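Single-letter residue listing:
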Amino acid sequence: MSDLGVRALPTGPGVYRFRDDAGKVLYIGRAWNLRRRVQSYWTHLGDRPHLARMVRRIARVEGVWCDSEHEAAWLERNLLEHSKPRWNRTEGGAEVVGYIRLGDGARPGLRFEHTVSGTAAHFGPYLGGLRIRQAISGLHRVLPLQYTVEGDGSAEEFGRLFGIGPGDREALARTAVAVLERDPVAVDALRGELVRRRDRAAGELRYEFAAKVQGEIEALDWIVAEQKVAWLEPRDADVYGWADGVLVRFELRGGRMCTWTLRACGAAAARERVAGTPELWRTFAQRNAELAARLR
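Residues numbered from 1 in each chain as written. Predicted model: local features only at pLDDT ≥ 70, side-chain atom pairs only at ≥ 80, totals over all residues. Heavy atoms only, no water.

Packing of helix α5 (residues 129-142) against helix α9 (residues 207-224) leaves a shortest axis separation of 7 Å and a crossing angle of 110°. In terms of orientation, α5 lies roughly perpendicular with respect to α9. In contact with R131, Q134, A135, S137, G138 and R141 of α5, α9 contributes F209, K212, V213, G215, E216, A219, L220, W222 and I223. Across the contact of α5 with α9, the residue classes break down as 7 nonpolar, 4 polar and 4 charged. (Axes fitted to C-alpha atoms, helices over the stretch in contact; angles between N-to-C directions. Helix = DSSP H or I, 4+ residues; strand = E, 2+ residues; numbered from the N terminus. Parallel < 35°, antiparallel > 145°, perpendicular 65-115°, else oblique. Contact = heavy atoms within 4.5 Å. Nonpolar A, V, L, I, M, F, W, Y, C, P; charged D, E, K, R; others polar.)

As C-alpha coordinates, this is what we get:
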(Lines give C-alpha, C1' and ligand atoms only; values in the text may rest on other atoms or scores of the structure.)
Protein backbone atom coordinates (compact mmCIF):
# COMPACT_ATOMS: atom_id res chain seq x y z
CA MET A 1 0.00 0.00 0.00
CA SER A 2 1.29 3.48 -0.90
CA ASP A 3 2.05 6.21 1.58
CA LEU A 4 -0.62 8.29 -0.18
CA GLY A 5 -3.18 5.67 0.84
CA VAL A 6 -2.18 5.97 4.48
CA ARG A 7 -2.41 9.74 4.40
CA ALA A 8 -5.98 9.50 3.12
CA LEU A 9 -6.99 7.99 6.45
CA PRO A 10 -8.35 10.36 9.11
CA THR A 11 -6.65 10.94 12.44
CA GLY A 12 -9.91 10.15 14.25
CA PRO A 13 -11.26 6.87 15.65
CA GLY A 14 -12.49 4.05 13.47
CA VAL A 15 -12.11 0.57 12.06
CA TYR A 16 -9.69 -0.53 9.35
CA ARG A 17 -9.60 -3.57 7.09
CA PHE A 18 -6.76 -5.03 5.01
CA ARG A 19 -7.29 -6.93 1.73
CA ASP A 20 -4.89 -8.93 -0.45
CA ASP A 21 -4.53 -8.84 -4.25
CA ALA A 22 -7.48 -11.19 -4.67
CA GLY A 23 -9.73 -8.96 -2.55
CA LYS A 24 -9.77 -11.34 0.42
CA VAL A 25 -10.02 -9.71 3.85
CA LEU A 26 -6.86 -10.38 5.83
CA TYR A 27 -7.49 -8.49 9.06
CA ILE A 28 -9.93 -6.16 10.81
CA GLY A 29 -8.83 -3.83 13.61
CA ARG A 30 -9.76 -0.62 15.35
CA ALA A 31 -7.89 2.48 16.43
CA TRP A 32 -8.37 5.79 18.22
CA ASN A 33 -6.24 7.32 15.41
CA LEU A 34 -6.74 5.42 12.16
CA ARG A 35 -3.85 6.96 10.25
CA ARG A 36 -1.30 6.42 13.01
CA ARG A 37 -2.42 2.85 13.67
CA VAL A 38 -2.28 1.78 10.03
CA GLN A 39 1.11 3.44 9.55
CA SER A 40 2.44 1.39 12.46
CA TYR A 41 2.16 -1.84 10.44
CA TRP A 42 4.92 -0.59 8.16
CA THR A 43 7.03 1.18 10.77
CA HIS A 44 6.77 -0.69 14.09
CA LEU A 45 4.81 -3.87 14.76
CA GLY A 46 5.94 -3.86 18.39
CA ASP A 47 4.08 -6.63 20.19
CA ARG A 48 2.52 -7.90 16.94
CA PRO A 49 5.40 -9.74 15.18
CA HIS A 50 3.01 -12.51 14.12
CA LEU A 51 1.49 -10.02 11.66
CA ALA A 52 4.71 -9.44 9.69
CA ARG A 53 3.86 -12.08 7.07
CA MET A 54 0.39 -10.62 6.69
CA VAL A 55 1.75 -7.11 6.04
CA ARG A 56 3.65 -8.35 2.99
CA ARG A 57 0.32 -9.47 1.48
CA ILE A 58 -1.64 -6.23 2.01
CA ALA A 59 -2.75 -4.74 -1.29
CA ARG A 60 -5.47 -2.38 -0.11
CA VAL A 61 -6.69 -0.74 3.06
CA GLU A 62 -10.29 0.25 3.80
CA GLY A 63 -11.54 2.31 6.72
CA VAL A 64 -14.66 3.41 8.58
CA TRP A 65 -14.42 6.75 10.34
CA CYS A 66 -16.49 6.49 13.53
CA ASP A 67 -17.88 9.20 15.80
CA SER A 68 -16.13 7.89 18.93
CA GLU A 69 -13.70 5.26 20.18
CA HIS A 70 -16.64 3.45 21.78
CA GLU A 71 -18.44 3.29 18.44
CA ALA A 72 -15.28 1.95 16.79
CA ALA A 73 -14.97 -0.72 19.49
CA TRP A 74 -18.56 -1.84 18.89
CA LEU A 75 -18.16 -1.88 15.12
CA GLU A 76 -14.99 -3.98 15.32
CA ARG A 77 -16.73 -6.43 17.63
CA ASN A 78 -19.80 -6.71 15.39
CA LEU A 79 -17.76 -7.23 12.23
CA LEU A 80 -15.58 -9.90 13.82
CA GLU A 81 -18.57 -11.75 15.24
CA HIS A 82 -20.09 -11.80 11.76
CA SER A 83 -16.92 -12.91 9.93
CA LYS A 84 -13.43 -13.53 11.33
CA PRO A 85 -10.51 -13.07 8.90
CA ARG A 86 -7.57 -15.46 9.11
CA TRP A 87 -5.21 -13.07 10.86
CA ASN A 88 -7.64 -12.07 13.61
CA ARG A 89 -7.24 -14.21 16.70
CA THR A 90 -10.72 -13.78 18.20
CA GLU A 91 -14.24 -13.63 16.79
CA GLY A 92 -15.22 -10.51 18.73
CA GLY A 93 -13.81 -7.89 21.03
CA ALA A 94 -12.34 -8.73 24.39
CA GLU A 95 -14.41 -6.19 26.34
CA VAL A 96 -17.30 -7.28 28.53
CA VAL A 97 -20.76 -6.07 27.49
CA GLY A 98 -22.70 -4.41 30.28
CA TYR A 99 -25.46 -2.02 31.32
CA ILE A 100 -25.94 0.54 34.07
CA ARG A 101 -29.06 -0.11 36.15
CA LEU A 102 -30.78 2.64 38.10
CA GLY A 103 -32.02 1.14 41.35
CA ASP A 104 -35.08 2.21 43.27
CA GLY A 105 -36.92 1.48 46.50
CA ALA A 106 -34.67 0.06 49.19
CA ARG A 107 -31.67 -0.14 46.82
CA PRO A 108 -31.17 3.26 45.17
CA GLY A 109 -28.06 3.99 43.17
CA LEU A 110 -26.40 2.78 40.01
CA ARG A 111 -25.16 -0.77 39.45
CA PHE A 112 -23.36 -2.71 36.75
CA GLU A 113 -25.45 -5.45 35.11
CA HIS A 114 -24.52 -7.95 32.42
CA THR A 115 -28.08 -8.11 31.06
CA VAL A 116 -31.34 -6.17 31.20
CA SER A 117 -33.68 -7.65 33.80
CA GLY A 118 -36.74 -6.54 35.73
CA THR A 119 -38.55 -3.23 35.30
CA ALA A 120 -35.85 -0.87 36.55
CA ALA A 121 -34.31 1.58 34.07
CA HIS A 122 -31.22 0.29 32.27
CA PHE A 123 -28.77 2.27 30.14
CA GLY A 124 -26.41 0.87 27.53
CA PRO A 125 -25.16 -1.45 26.24
CA TYR A 126 -21.59 -0.41 26.88
CA LEU A 127 -18.31 -2.19 26.31
CA GLY A 128 -15.72 -2.66 29.04
CA GLY A 129 -16.55 -3.88 32.53
CA LEU A 130 -13.86 -1.76 34.18
CA ARG A 131 -14.89 1.38 32.31
CA ILE A 132 -18.55 0.88 33.23
CA ARG A 133 -17.68 0.46 36.91
CA GLN A 134 -15.38 3.50 36.84
CA ALA A 135 -18.15 5.56 35.26
CA ILE A 136 -20.56 4.47 38.00
CA SER A 137 -17.97 5.44 40.60
CA GLY A 138 -17.66 8.91 39.05
CA LEU A 139 -21.43 9.35 38.91
CA HIS A 140 -21.77 8.30 42.54
CA ARG A 141 -18.95 10.64 43.54
CA VAL A 142 -21.01 13.64 42.42
CA LEU A 143 -24.51 12.12 42.75
CA PRO A 144 -24.41 9.88 45.87
CA LEU A 145 -27.75 8.19 45.23
CA GLN A 146 -26.72 5.11 47.18
CA TYR A 147 -26.93 7.07 50.43
CA THR A 148 -30.51 8.35 49.97
CA VAL A 149 -31.96 5.50 52.02
CA GLU A 150 -33.93 4.93 55.19
CA GLY A 151 -33.40 2.13 57.70
CA ASP A 152 -29.74 1.50 56.90
CA GLY A 153 -27.65 3.00 59.68
CA SER A 154 -24.29 3.22 57.93
CA ALA A 155 -25.77 4.48 54.63
CA GLU A 156 -27.85 7.08 56.49
CA GLU A 157 -24.74 8.23 58.35
CA PHE A 158 -22.85 8.68 55.08
CA GLY A 159 -25.87 10.53 53.72
CA ARG A 160 -25.70 12.99 56.60
CA LEU A 161 -22.00 13.53 55.89
CA PHE A 162 -22.88 14.37 52.27
CA GLY A 163 -25.79 16.53 53.41
CA ILE A 164 -28.40 14.42 51.64
CA GLY A 165 -31.29 12.16 52.54
CA PRO A 166 -34.24 10.29 51.04
CA GLY A 167 -35.83 13.57 49.98
CA ASP A 168 -32.93 14.21 47.57
CA ARG A 169 -33.26 10.90 45.74
CA GLU A 170 -35.60 12.04 42.99
CA ALA A 171 -33.51 15.07 42.03
CA LEU A 172 -30.26 13.09 42.04
CA ALA A 173 -31.86 10.32 39.99
CA ARG A 174 -33.13 12.83 37.42
CA THR A 175 -29.63 14.22 37.00
CA ALA A 176 -28.11 10.73 36.68
CA VAL A 177 -30.67 9.82 34.01
CA ALA A 178 -29.94 13.04 32.11
CA VAL A 179 -26.21 12.21 32.09
CA LEU A 180 -26.79 8.62 30.98
CA GLU A 181 -29.13 9.86 28.25
CA ARG A 182 -26.26 12.10 27.06
CA ASP A 183 -27.91 15.43 27.78
CA PRO A 184 -25.01 17.79 27.00
CA VAL A 185 -25.72 20.26 29.82
CA ALA A 186 -25.93 17.48 32.42
CA VAL A 187 -22.82 15.73 31.06
CA ASP A 188 -20.78 18.95 31.04
CA ALA A 189 -21.84 19.82 34.59
CA LEU A 190 -20.98 16.42 36.02
CA ARG A 191 -17.71 16.19 34.10
CA GLY A 192 -16.79 19.70 35.21
CA GLU A 193 -17.31 18.76 38.86
CA LEU A 194 -15.10 15.68 38.47
CA VAL A 195 -12.39 17.81 36.83
CA ARG A 196 -12.62 20.30 39.72
CA ARG A 197 -12.19 17.51 42.28
CA ARG A 198 -9.30 15.98 40.33
CA ASP A 199 -7.48 19.31 40.08
CA ARG A 200 -8.05 20.08 43.76
CA ALA A 201 -6.62 16.69 44.73
CA ALA A 202 -3.59 17.22 42.50
CA GLY A 203 -3.06 20.67 44.00
CA GLU A 204 -3.06 19.08 47.46
CA LEU A 205 -0.50 16.48 46.25
CA ARG A 206 -3.05 13.65 46.55
CA TYR A 207 -1.90 12.20 43.26
CA GLU A 208 -3.30 8.71 43.73
CA PHE A 209 -6.79 10.07 44.31
CA ALA A 210 -6.41 12.49 41.39
CA ALA A 211 -5.48 9.58 39.15
CA LYS A 212 -8.55 7.66 40.31
CA VAL A 213 -10.83 10.57 39.44
CA GLN A 214 -9.09 11.00 36.09
CA GLY A 215 -9.93 7.36 35.34
CA GLU A 216 -13.56 8.11 36.19
CA ILE A 217 -13.57 11.10 33.84
CA GLU A 218 -12.20 8.99 30.98
CA ALA A 219 -14.77 6.28 31.69
CA LEU A 220 -17.59 8.84 31.71
CA ASP A 221 -16.38 10.13 28.34
CA TRP A 222 -16.45 6.55 27.04
CA ILE A 223 -20.04 5.75 28.04
CA VAL A 224 -21.57 9.07 26.96
CA ALA A 225 -19.78 9.18 23.60
CA GLU A 226 -21.88 8.85 20.46
CA GLN A 227 -22.47 5.19 19.57
CA LYS A 228 -24.94 4.04 16.91
CA VAL A 229 -23.73 0.64 15.76
CA ALA A 230 -25.07 -1.60 18.54
CA TRP A 231 -28.71 -1.80 19.66
CA LEU A 232 -29.60 1.85 19.36
CA GLU A 233 -32.93 0.53 18.07
CA PRO A 234 -33.83 -3.16 17.51
CA ARG A 235 -34.30 -2.63 13.79
CA ASP A 236 -33.03 -3.80 10.41
CA ALA A 237 -31.77 -1.24 7.93
CA ASP A 238 -29.41 -0.80 5.00
CA VAL A 239 -27.27 2.32 5.20
CA TYR A 240 -25.74 3.70 1.98
CA GLY A 241 -23.32 6.44 1.11
CA TRP A 242 -21.92 7.36 -2.31
CA ALA A 243 -18.98 9.45 -3.52
CA ASP A 244 -16.96 9.58 -6.75
CA GLY A 245 -18.22 6.28 -8.10
CA VAL A 246 -17.99 4.28 -4.84
CA LEU A 247 -21.09 2.97 -3.06
CA VAL A 248 -20.64 2.05 0.60
CA ARG A 249 -23.21 -0.21 2.27
CA PHE A 250 -23.57 -0.91 5.98
CA GLU A 251 -26.03 -3.61 7.01
CA LEU A 252 -27.86 -3.35 10.35
CA ARG A 253 -29.65 -6.42 11.62
CA GLY A 254 -31.45 -6.45 14.95
CA GLY A 255 -29.95 -3.08 15.76
CA ARG A 256 -26.34 -4.11 15.17
CA MET A 257 -24.18 -3.02 12.25
CA CYS A 258 -22.69 -6.31 11.12
CA THR A 259 -21.36 -5.96 7.55
CA TRP A 260 -19.64 -3.29 5.49
CA THR A 261 -19.13 -3.54 1.73
CA LEU A 262 -17.90 -1.32 -1.10
CA ARG A 263 -18.51 -1.45 -4.83
CA ALA A 264 -18.23 0.69 -7.92
CA CYS A 265 -21.53 2.39 -8.75
CA GLY A 266 -22.74 5.27 -10.89
CA ALA A 267 -24.51 8.26 -9.40
CA ALA A 268 -27.89 7.41 -10.93
CA ALA A 269 -27.89 3.84 -9.63
CA ALA A 270 -26.82 4.97 -6.16
CA ARG A 271 -29.38 7.75 -5.81
CA GLU A 272 -32.35 5.66 -4.69
CA ARG A 273 -30.33 3.65 -2.18
CA VAL A 274 -28.77 6.74 -0.62
CA ALA A 275 -32.17 8.42 -0.44
CA GLY A 276 -33.49 5.46 1.56
CA THR A 277 -30.79 5.74 4.22
CA PRO A 278 -32.25 6.70 7.65
CA GLU A 279 -31.57 10.31 8.59
CA LEU A 280 -29.57 9.30 11.66
CA TRP A 281 -27.00 7.59 9.45
CA ARG A 282 -26.65 9.97 6.51
CA THR A 283 -23.68 11.99 7.75
CA PHE A 284 -21.87 8.81 8.86
CA ALA A 285 -22.53 7.09 5.52
CA GLN A 286 -21.55 10.07 3.37
CA ARG A 287 -18.35 10.67 5.32
CA ASN A 288 -17.31 7.05 4.87
CA ALA A 289 -18.20 6.99 1.18
CA GLU A 290 -15.89 9.97 0.68
CA LEU A 291 -13.17 8.16 2.66
CA ALA A 292 -13.63 5.01 0.55
CA ALA A 293 -13.32 7.03 -2.64
CA ARG A 294 -10.06 8.62 -1.45
CA LEU A 295 -8.60 5.27 -0.46
CA ARG A 296 -9.45 3.68 -3.81
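Having seen the model, we can carry on.
Interaxial distance between α5 and helix α8 (residues 184-203) falls to 10 Å at its minimum, and their mutual angle equals 85°. By the angle class used here, α5 and α8 are roughly perpendicular. Taking contact as the criterion, the partners of G138, L139, R141 and V142 in α5 are, on α8, L190, E193, L194 and R197. Grouping the constituent residues of the contact of α5 with α8 by class yields 4 nonpolar, 1 polar and 3 charged.

Next up on the list: the pairing of strand β6 (residues 121-127). Walk down a regular strand and you will see the side chains alternate between the two sheet faces. Here β6 lies mainly inside the structure; 5 of its 7 residues are buried. By the bridge criterion, 5 bridges tie strand β4 (residues 97-103) to β6 in an arrangement that is antiparallel. Residue pairing for β6: V97 is matched across the bridge by L127. (Buried < 20%, exposed > 50% of the residue type's maximum accessible area, 1.4 Å probe, protein only. Pairing = 2+ DSSP bridges.)

This part takes up the sheet that holds strand β7 (residues 237-243). One open sheet accounts for 3 strands, arranged β7-β8-β9; its pairing is antiparallel. Edge positions in the sheet fall to β7 and β9 (256-264), since each has one partner strand and no second. When strand polarity is set aside, the average angle formed by the axes of neighbouring strands in this sheet is 15°. Inspection of the sheet shows strand β8 (residues 246-253) paired to β9 by 8 bridges, in the antiparallel sense. Within β9, the residue paired with R249 across the bridge is T261. In the packing of helix α10 (residues 267-275) onto the sheet, contacts are made with β7, β8 and β9, and the angle to β7 comes to roughly 145°.

Summed over all chains, the structure comprises 24 salt bridges. R30 is the partner of E95 in a salt bridge, and the nearest nitrogen-oxygen pair spans 2.5 Å. Residue E95 is found in the loop between α4 (69-82) and β4, and its partner R30 is found in strand β2 (residues 25-31); the two are separated by 65 residues along the sequence. The residue E204 makes a salt bridge to R206 at a minimum N-O spacing of 2.9 Å. According to the relative accessible area criterion, E204 is partly exposed, its value standing at 46%. (Salt bridge = Lys/Arg side-chain N within 4 Å of Asp/Glu carboxyl O.)

In this section: the sheet that holds strand β3 (residues 60-65). Each strand in a sheet pairs with another by means of backbone hydrogen bonds, the pair being arranged parallel or else antiparallel. Taken together, 3 strands build an open sheet; the order of strands is β2-β1-β3 and the sheet is antiparallel. Edge positions in the open sheet fall to β2 and β3, since each of these has one partner strand only. Neighbour-to-neighbour, the strand axes of this sheet turn through a mean angle of 20°, independent of strand direction. Bridge count for strand β1 (residues 14-19) against β3 is 6 bridges, and the pairing is antiparallel. Counted as the bridge partner of R17 is E62 from β3.

Next up on the list: a positive patch on the surface. Taken together, the side chains of K24, R53, R56 and R86 present a region of like positive charge at the surface. Following the sequence through the fold, R56 ends up in the loop between α3 (52-55) and β3. Judged by its relative accessible area of 64%, R56 is exposed. (Patch = residues over 30% accessible without salt bridge, like charges linked within 9 Å, V, L, I, M, F, W, Y side chains within 5 Å. Areas by Shrake-Rupley, 256 points an atom, 1.4 Å probe, with all protein chains shown as cover. Lys, Arg positive; Asp, Glu negative; His and termini not counted. Charge placed at Lys NZ, Arg CZ, Asp CG, Glu CD.)

Take R19: it is sitting in strand β1. For R19 and A59, which are 40 residues apart along the polypeptide, the C-alpha to C-alpha distance reads 5.9 Å. Once you skip the residues sitting within four places of it in the chain, R19 turns out to touch K24, V25, L26, R57, I58, A59, R60 and E62. In terms of polar contacts, R19 uses its side chain to reach the backbone carbonyl oxygen of G23, at 2.5 Å. (Polar contact = N/O pair within 3.5 Å; in protein donor to acceptor, adjacent residues only side chain to side chain.)

The next point concerns a nonpolar patch on the surface. Together, F158, L161 and F162 give the surface a local cluster of nonpolar side chains, amounting to about 330 Å² of exposed area. Tracing the sequence through the fold places F158 in helix α6 (residues 153-162). F158 gets classed as partly exposed once you look at its relative accessible area, which sits at 41%.

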